[in-house]
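# Structural overview for review
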Amino acid sequence: MELKFDNLTKEFGNFTAVDHLNLTMTKGVYGLLGVNGAGKTTLMRMLCTLLKPTEGRITCDGKDIFEMDGEYRKVLGYLPQDFGFYPEFTVKDYLLYISTLKGIPPAAARKRVKDMILKVGLSKAANKKMKKLSGGMKRRVGIAQAMLNNPKILVLDEPTAGLDPNERIRFRNLISELSEERLVLLSTHIVSDIEYIANEIWLMKDGKLMHKGRAEELIHSMEENVWECFVEKDLVSSFVKRYKISNMKSEMGGVTLRIISREKPFENAVQAEPTLEDVFLYYFGEKAGDGNGAV
Amino acid sequence: MVRFELKKVFSRFKNKMAVVILCVLMIVVSLLTMNRVYYTDENGNHTSGMQAAKSLREEKNQWRGYVTDKVLKKVLKEREEIYQTKEVLSEENTKEQDKAYAKTQGISSIVEMINTAFSPWRDYDGFAIDRISPEEAARVYERRISNLKEWLDSGEEYFPEGQKEFLIRQYETLETPFYYEYYEGWSALLQNISTFLLMLALIIGFLVSGIFSDEFVTKADSIFFSTKAGRNRAIVSKIKAGFFIVTGFYVVFVMLYTFIVLFALGMEGAGCPIQWDMWRSVYHVTFFEGYLFIVAGGYVGTLFASALAMIVSAAVHSTAAAVIMPFMVLCAFPFLSRIITLPGMCSFFPDQLLDIYNSLKESVLVEIGGKVMDTAGVILPVYLFASGVLFPVLYLIYKRAEVK
């Protein structure tokens, strides 16, 4: 299976949310990284046929996905960023309804729903109303509904947003487990989510693709170095003004700074191993904090 | 899939409340309707409701049959005998008058028919019967036609030649003599049914107004439209659910209301001509046929208003905007007509579908392609067709919806 963005553009009035994207995806996990407003959600909505492109097209094995209509959506699973539900439905009813929408025959749907409830660890909540579920449980129902039709294309928009650290790790592992043998596009602005599970990472800014590659490739693409140094508290503000600071840690008598800079910023600074978070700050620094501030 | 759509509608608290309110309204309107039948006993005491209906039925059914010349003469004689005593004729002695009236209840509708026939066209003279001979009374059916002709010739209201001919033809071809029996159950049912149908249509419109917009309101739209059936079969299911709610609720509640009223007031009289209640009606229908016409009009009006509500719901993604639609379609014009004089074309507006009762009573005629007909007879098929067109439009609007 090959998904291709061909000169893909989406404009809302004068605002260009996605700007002439040309990309190809095959099997594997693709991590879409960018700050809020980068165009990630718009791109995903077009991929899920929720929005029509202003220009260009998306093809699946050479066919336009909008012309394929239901045939394309048959192989699609989608977990939106801010997904709604029917508050009075139980988890089981909700999943059975989505199964029907996905065209799964009733008998198979009942079995699949049971399996998915088990897989996402919601057996005890199967008969609970959706409105009674916690945020984490709702996300798990969300991933269950996306997986009901065993999709070949899985689109996950900010799947870990709003989850506590425990839930996030559990959820990340679940996605990793589910991503075998399919094409997964995972969008987030939480760098660590992608670092662990994505085979290829796309960095998106202002609707355009800035960089793509594996985590190591992106790290090596940085043209600046990462430094760590311990400075007095009084000096922090002058460093923040001059450098991109990827981390600050207050300690007794001062602050440990993680600085992205071509040159050594301070005499006592020690060069550190760059991470994907440093890459994120390097590319999106302006929007990551205040001016060249911290992540 | 339709089952889930229905479940979505009826799992919402506001919709459950709407159904409860509808049940309460039905009971209230049924009780009010039942109290439309009055009876005065031999002591001059008035009652209403089920017991009154039972007594009145016994009285009236003694005169059951065709109201021929012979019967008309007999009615006049019977009435004369009752009203000849001094006590009854005394204007101060109302109790005695009530007692006398109690004896005439069996023939009260025939007396009213004679009074109407011998009154000026737009008036009712309750004493007209006192001034006519039995021979004159026997010409009551001819009098109906001659009254119409006189009124048309007077030029009080303008009618084109075609419409005049239509009216006269309808009057002349009405089958006489009229069949008579107790019909008050049907009469009461028809008098209140328009109010009930309007309330029913508004509540049904409320129930269906969220079917399409709630996907957006609850933010379930993204998942809905990204599924295989989201832009085809699922939309058809939503339309089916809307149609089933409109049809199901309409049929069930109209039948319940009819059953309650007729069970309490009696089913006899279904075959009597509607002219017993609507002397000037141009329709050749019985009470039962008139009922069917009113109910059919109400259904088409409800279907049309609900389809519009669903279209607004699908187009603007707002349940609140959709709820307003049935009110606009069914209530705005009757309300405006009380404030300002609306042009004649307002007789073609959909609110008229829920007021077929008044169309049966006083027709607004229209000439289309040289053929004269009543507007009610025109708007019913027109809006039925329009409703049929709205559903494919609804499908296309929702199919093209984008999630922004």
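The residue numbers shown here count from 1 along each chain, following its written sequence. By the order in which they are written, chains take letters starting at A while ligands take numbers starting at 1. Local features in a predicted model are, by the rule used here, given only for residues with pLDDT of at least 70; side-chain atom pairs are given and counted only at 80 or more, and totals for whole chains, interfaces and linings are based on all residues.

## Considerations on the overall build of chain B
Applied cut-off: Here a helix means four or more residues in a row that DSSP labels H or I, a strand means two or more in a row labelled E, and each is numbered from the N terminus. Each residue is classified by how many other C-beta atoms fall within 10 Å of its C-beta atom, where C-beta atoms are placed from the backbone; a count of 20 or more means buried, 12 or fewer means exposed, and values in between mean partly exposed. A pair of residues counts as a contact when their C-beta atoms, built from backbone coordinates, are within 7 Å of each other.
If you tally the helices and strands in chain B, you get 18 helices and 6 strands. For chain B, the spread of C-alpha atoms along the three principal axes comes to 85 × 50 × 35 Å. Looking at chain B as a whole, 40% of its 404 residues are labelled buried. Within chain B, contacts between residues separated by at least 24 positions form 74% of all contacts whose residues are at least 6 apart in sequence.

## Description of the overall build of chain A
Per the secondary structure count, chain A includes 11 helices and 14 strands. Dimensions of chain A, computed from C-alpha atoms along their principal axes, come out at roughly 70 × 45 × 35 Å. Long-range pairs, those at least 24 residues apart, make up 67% of the contacts in chain A between residues at least 6 apart in sequence.

## Let's talk about the sheet that holds strand 13 (residues 254-261) of chain A
Residues and elements named next belong to chain A. Heads up, the rule is: The criterion for strand pairing is that DSSP finds at least two bridges linking the strands in question. Between N-to-C directions, angles cover 0 to 180 degrees, with each direction set by a line fitted to C-alpha atoms, over the stretch in contact for helices.
One open sheet accounts for 4 strands, arranged 12-13-11-14; its pairing is antiparallel. Both edges of this open sheet fall to strand 12 (244-251) and strand 14 (270-272), since each of them pairs with a single strand only. Neighbour-to-neighbour, the strand axes of the sheet open up by a mean angle of 25 degrees, direction not taken into account. Looking at chain direction, strand 12 and strand 13 are connected through 7 bridges and run antiparallel. By the bridge assignment for strand 13, lysine 244 is matched with isoleucine 260.

## Overview of the interface of chain B and chain A
It is common to report an interface's size as the accessible area lost on association of the parts. Taken residue by residue, the interface counts 23 residues in chain B and 27 residues in chain A. Of all elements in the fold, only helix 1 (2-10) and helix 13 (221-225) of chain B reach the threshold of two or more residues within the side of chain B that touches chain A. For the side of chain B that touches chain A, the element with the most residues is helix 13 of chain B, which contributes 4 residues.

## Description of the domain arrangement of chain B
Residue and element names in this part refer to chain B. Put simply, the test is: Note: domain ranges come from an automatic or database domain assignment.
Per the domain assignment, the segments of chain B are domain 1 (2-34 + 183-399) and domain 2 (39-180). For domain 1 versus domain 2, the distance between C-alpha centres works out to 35 Å. Taken together, the 18 residues of domain 1 in the interface contact 18 residues of domain 2. Taken together, the elements giving at least two residues each to the side of domain 1 that touches domain 2 come down to helix 11 (184-208), helix 14 (233-265) and strand 5 (365-368).

## Brief notes about the nonpolar core
The criterion, for reference: By definition, a nonpolar core groups buried Ala, Val, Leu, Ile, Met, Phe, Trp, Tyr and Cys residues that connect through C-beta atoms lying within 7 Å of each other.
Counting residues in each nonpolar core, the largest one holds 188 residues, and the members touching the most others are Tyr94, Leu95, Val155 and Leu186 of chain A. When near neighbours in sequence (up to four residues on either side) are disregarded, tyrosine 94 of chain A contacts Phe85, Tyr86, Phe89, Met130 and Val141 of chain A.

## A short note on the pairing of strand 3 (residues 28-33) of chain A
Residues and elements named next belong to chain A. For strand 3, the buried fraction is high: 5 of the 6 residues fall into the buried class. Pairing of strand 3 with strand 8 (residues 183-188), which is carried by 6 bridges, proceeds in the parallel orientation. Bridge pairing links valine 29 to valine 184 in strand 8. In this sheet, strand 9 (residues 200-205) lies alongside strand 3 in parallel orientation, the contact comprising 4 bridges. Note on strand 9: the bridge partner recorded for glycine 31 is isoleucine 201.

## Points about the pairing of strand 10 (residues 208-213) of chain A
For a regular strand, side-chain orientation follows a simple rule: the groups alternate between the two sheet faces. All names here are of chain A. Pairing of strand 9 with strand 10, which is carried by 5 bridges, proceeds in the antiparallel orientation. When the sheet's bridge partners are listed, isoleucine 201 is paired in strand 10 with glycine 213. Joining the antiparallel neighbours strand 9 and strand 10 is a turn of 2 residues, in which aspartate 206 adopts a positive phi near 50 degrees.

## Let's talk about helix 14 of chain B
Using the following cut-off: A helix is expected to span 1.5 Å for every residue after the first.
Taking 1.5 Å per residue as the helical rise, helix 14 of chain B with its 33 residues ought to reach 48 Å, and the 47 Å between its terminal C-alpha atoms agrees with that figure. One or two residues past the end of helix 14 of chain B sits glycine 266 of chain B, with phi positive at roughly 105 degrees.

## Describing the domain arrangement of chain A
Residues and elements named next belong to chain A. The condition is simple: All amino acids are sorted into three groups, where Ala, Val, Leu, Ile, Met, Phe, Trp, Tyr, Cys and Pro are nonpolar, Asp, Glu, Lys and Arg are charged, and the leftover types, Gly among them, are polar.
Partitioning chain A into structural domains gives domain 1 (3-219) and domain 2 (223-288). Look at where the C-alpha atoms of domain 1 and domain 2 centre, and you get two points 34 Å apart. The partner domain 2 presents 9 residues to the 11 residues of domain 1 that form the contact. Secondary structure elements with two or more residues in the side of domain 1 that touches domain 2: helix 8 (191-197), strand 9, strand 10 and helix 9 (215-221). In terms of residue count, the dominant contributor to the side of domain 1 that touches domain 2 is helix 9 (3 residues). Class assignment of the residues belonging to the side of domain 1 that touches domain 2 gives a composition of 8 nonpolar, 1 polar and 2 charged.

## Some thoughts on the confidence of the model for chain A
As a reminder, the rule being used: Confidence of the predictor in every single residue is expressed as pLDDT, which spans 0 to 100.
Residue-level pLDDT values for chain A average 85, and 96% of them are 70 or greater. The model gives residues 287-295 of chain A a pLDDT under 50, and that stretch makes 22 contacts with residues more than four places away or in other chains.

## A word on the packing of helix 9 (residues 140-154) of chain B against helix 10 (residues 161-172) of chain B
Residue and element names in this part refer to chain B. The criterion, for reference: If an angle is under 35 degrees, it is roughly parallel; if it is over 145, roughly antiparallel; if it lies from 65 to 115, roughly perpendicular; otherwise it is oblique.
Across the interface, helix 9 lies against helix 10 with an axial gap of 9 Å and an inter-helix angle of 170 degrees. Compared by their axis directions, helix 9 and helix 10 come out roughly antiparallel. In contact with Arg144, Ile145, Leu148, Lys149 and Leu152 of helix 9, helix 10 contributes Lys164, Leu167, Ile168, Tyr171 and Glu172. Of the residues that constitute the contact of helix 9 with helix 10, the class distribution is 6 nonpolar, no polar and 4 charged.

## Brief notes about the environment of glycine 155 of chain B
Its place among the elements puts glycine 155 of chain B in the loop between helix 9 and helix 10. Separated by 69 residues in the primary sequence, glycine 155 of chain B and phenylalanine 224 of chain B place their C-alpha atoms 64 Å from one another.

## Overview of the packing of helix 4 (residues 91-101) of chain A against helix 6 (residues 135-147) of chain A
All names here are of chain A. Rules: Note: crossing handedness is left-handed where the near helix turns anticlockwise from the far helix by less than a right angle, and right-handed where it turns clockwise.
Viewed as axis vectors pointing N to C, helix 4 and helix 6 meet at an angle of 30 degrees, and their least axial separation amounts to 9 Å. Between helix 4 and helix 6, the angle is such that the two are roughly parallel. Relative to helix 6, helix 4 is oriented so that their crossing is right-handed. On helix 6, the residues that touch Val91, Tyr94, Leu95 and Ile98 of helix 4 are Val141, Ala144 and Gln145. Here the contact of helix 4 with helix 6 is built from residues that sort into 6 nonpolar, 1 polar and no charged.

## Looking at the sheet that holds strand 8 of chain A
Residue and element names in this part refer to chain A. With mixed pairing, 6 strands are arranged side by side in an open sheet as 6-7-8-3-9-10. For this open sheet the edge positions go to strand 6 (76-79) and strand 10, each flanked by a neighbour on one side alone. Going across the sheet, the axis of each strand differs from the next one's by a mean of 15 degrees, ignoring polarity.

## Comments concerning the environment of phenylalanine 253 of chain B
All names here are of chain B. Positionally, phenylalanine 253 belongs in helix 14. What makes phenylalanine 253 buried here is the crowd of 21 C-beta atoms within 10 Å. Not counting residues within four places of it along the chain, the set of residues in contact with phenylalanine 253 comprises Leu22, Met26 and Leu200.

## Some points on the environment of leucine 360 of chain B
Residues and elements named next belong to chain B. Examined against the element boundaries, leucine 360 turns out to sit in helix 17 (residues 356-361). Taking the C-alpha atoms as reference points, leucine 360 and threonine 176, separated by 184 residues in sequence, lie 18 Å from one another. Once residues lying within four places of it in the same chain are set aside, the contact partners of leucine 360 are Ile274, Met278, Ser281, Tyr283, Gly290 and Phe293.

## Topic: the confidence of the model for chain B
Averaged over every residue, the pLDDT of chain B is 89; residues scoring 70 or more account for 96%. Across the predicted assembly, pTM comes out at 0.86 and ipTM at 0.84.

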